[in-house]
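One letter stands for each residue in the lines below.
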Amino acid sequence: MTDFSSVKGKVAVVTGAADGLGKAIALCYAENGMKVVVSDINAQKGAAVVDEIAAIGGEAVFYQTDVSKEDDVKGLIDFALASYGKVDGIVNNAGISAENRPTHEYSIEEFDRLTAINLRGVFLGMKFGVEAILKSKAPGGFVVNVASQAGVLGNSAMGIYVSAKHGVVGLTKSAALDYAPHNITVNAICPGTIRTSIWGDAPEEVIDQYAKLLSPNGRLGDPKEIAHVALFLASDLARYMSGSTILVDAGSHAGKVTPVQWSHPEILE
Ligand SMILES: NC(=O)c1ccc[n+]([C@@H]2O[C@H](COP(=O)([O-])OP(=O)(O)OC[C@H]3O[C@@H](n4cnc5c(N)ncnc54)[C@H](O)[C@@H]3O)[C@@H](O)[C@H]2O)c1
């Protein structure tokens, strides 16, 4: 089968699904016939995503979760099993950014908070999520961890974010080997710069400047462009793909850009 219909009826838990990439993934999964357990720390916005899914004829339920808390994540997975009787996959997407500063200027509290959400949260999602996938005997089980380009490249003034995302990539690679014998795939999506609320209140012109600076094609990514990759990873088309770090960043990780004049710009006319 070379379309995405293999995802129909699969149950997926998506963390941080009230906004941004998680919301786009939840909507895309539901549009393609998956049953989605939307989870987020923000109950109001999470419930609104469930309503949006219902409005397009999809199936979803909401569970409020702080991914840094063991009891919350355990409760989320129990809720998913109670709601749909099985779990086929989990998308560990919830994450936060940090202020930009040199490493020594971060406080210990900032490091602990970011690491608790961006790394511990992914570990907890995998710990309880994979247990449920194993119990469900899902024939096409999958884990998608949303890391970042910062999971494979260093970045000045982002040390604590970069270290947590490298940790997510490390967990992904190791778990891929742990669960390959059980036919569960474990992959990391590493987005570049995507237009979501993680940008906070940054003015449009600042975002535009960043896009030109960070993205070789000159624009920020759309959350849907991450969701489509997450859909592929949930499908049976991706059963031979595991332990991969998939960069979705318009090529910005590929190297440096040298601006040159084209000899034949008329080709574009
Ligand atoms: N947007 C980008 O440019 C970009 C680039 C690379 C990686 N990422 C990663 O993608 C993921 C999603 O980011 P986004 O841009 O969609 O951000 P976002 O801020 O738009 O959405 C994040 C969601 O996570 C939720 N959340 C925050 N803390 C939580 C917690 N403790 N428990 C549960 N939910 C929590 C928020 O309420 C929100 O709904 C993050 O892991 C982020 O690091 C984003």
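Residues numbered from 1 in each chain as written. Predicted model: local features only at pLDDT ≥ 70, side-chain atom pairs only at ≥ 80, totals over all residues. Heavy atoms only, no water.

### Observations concerning the pairing of strand 6 (residues 185-191)
The side chains of a regular strand alternate, first on one face of the sheet and then on the other.
Next up, step 1: Within strand 6, 7 of the 7 residues are buried, leaving the element largely enclosed by the surrounding structure.
Next up, step 2: Burial of the side chains of strand 6 extends over both faces: Thr185, Asn187, Ile189 and Pro191 are buried on one face and Val186, Ala188 and Cys190 on the other.
Next up, step 3: Bridge analysis of strand 5 (residues 142-146) against strand 6 gives 5 bridges, and the strand direction is parallel. From the neighbouring strand, Val144 faces strand 6, where its bridge partner is Asn187.
Next up, step 4: Once the chain exits strand 5 it traverses helix 5 (residues 159-179) before rejoining the sheet at strand 6, and the crossover so formed is right-handed.
Next up, step 5: Here strand 6 runs beside strand 7 (residues 245-248); their pairing, made up of 4 bridges, is parallel. Bridge pairing links Pro191 to Val248 in strand 7. (Buried < 20%, exposed > 50% of the residue type's maximum accessible area, 1.4 Å probe, protein only. Helix = DSSP H or I, 4+ residues; strand = E, 2+ residues; numbered from the N terminus. Pairing = 2+ DSSP bridges. Right-handed = clockwise from strand over helix to strand, strands pointing away.)

### Quick notes on helix 5
Next up, step 1: Between its first and last C-alpha atoms helix 5 spans 30 Å; for 21 residues at 1.5 Å apiece the expected length is 30 Å, and the two agree.
Next up, step 2: Of all the residues in helix 5, the buried ones are Ile160, Tyr161, Val162, Ala164, Lys165, Val168, Val169, Thr172, Ala175 and Ala176.
Next up, step 3: In this fold, the buried residues of helix 5 make contact with helix 4 (108-136), strand 5, strand 6 and strand 7. (Expected span 1.5 Å × (residues − 1). Contact = heavy atoms within 4.5 Å.)

### Describing the nonpolar core
Next up, step 1: With 35 residues, the main nonpolar core has Tyr29 and Val38 as its most contacted residues.
Next up, step 2: Those elements that provide at least two residues to this core are strand 1 (11-15), helix 1 (20-31), strand 2 (35-40), helix 2 (43-55), strand 5, helix 7 (223-234) and strand 7.
Next up, step 3: The greatest single-element share of this core, amounting to 8 residues, is contributed by helix 1.
Next up, step 4: The contact partners of Tyr29, leaving out residues within four places of it in the chain, are Ala12, Val14, Met34, Val36, Val91, Phe142, Val144, Ala230, Leu231 and Ala234. (Core = buried A, V, L, I, M, F, W, Y, C linked by side-chain atoms within 4.5 Å.)

### Overview of the environment of Ile184
Next up, step 1: Along the polypeptide, Ile184 turns up in the loop between helix 5 and strand 6.
Next up, step 2: In this structure Ile184 comes out as buried when scored by relative accessible area, which is 3%.
Next up, step 3: A sequence separation of 96 residues divides Ile184 from Asp88, and the C-alpha atoms of the two residues are 9.1 Å apart.
Next up, step 4: Apart from the residues lying within four places of it in its own chain, the contact partners of Ile184 are Val130, Ile133, Leu134, Gly141, Phe142, Val143, Tyr179, Arg239 and Ser242.

### What to know about the packing of aromatic side chains
Next up, step 1: Per the stated rule, a full pass over the model turns up 3 aromatic pairs.
Next up, step 2: Each ring, one from Tyr63 and one from Phe79, has its centre 5.0 Å from the other, and the planes form 35 degrees; the classification is tilted. Taken as a pair, Tyr63 in strand 3 (residues 59-64) and Phe79 in helix 3 (residues 70-84) lie far apart in primary sequence, 16 residues in all.
Next up, step 3: With a relative accessible area of 25%, Tyr63 lands in the partly exposed category.
Next up, step 4: Looking at Phe79, the relative accessible area reads 26%, which means it is partly exposed.
Next up, step 5: Relative to Tyr210, the ring of Trp199 lies with its centre 5.5 Å away and its plane at 70 degrees, an arrangement referred to as edge-to-face. Of the two residues, Trp199 is situated in the loop between strand 6 and helix 6 (204-214) and Tyr210 in helix 6; the sequence distance between them amounts to 11 residues.
Next up, step 6: Over the face of the ring belonging to Phe128 we find Lys127, whose NZ or CZ atom lies 5.6 Å from the ring centre. (Phe/Tyr/Trp six-rings, centres within 6.5 Å; stacked < 30°, edge-to-face > 60°. Lys NZ or Arg CZ within 6 Å of the ring centre and 35° of its normal.)

Read these as spatial facts, not as claims about activity.
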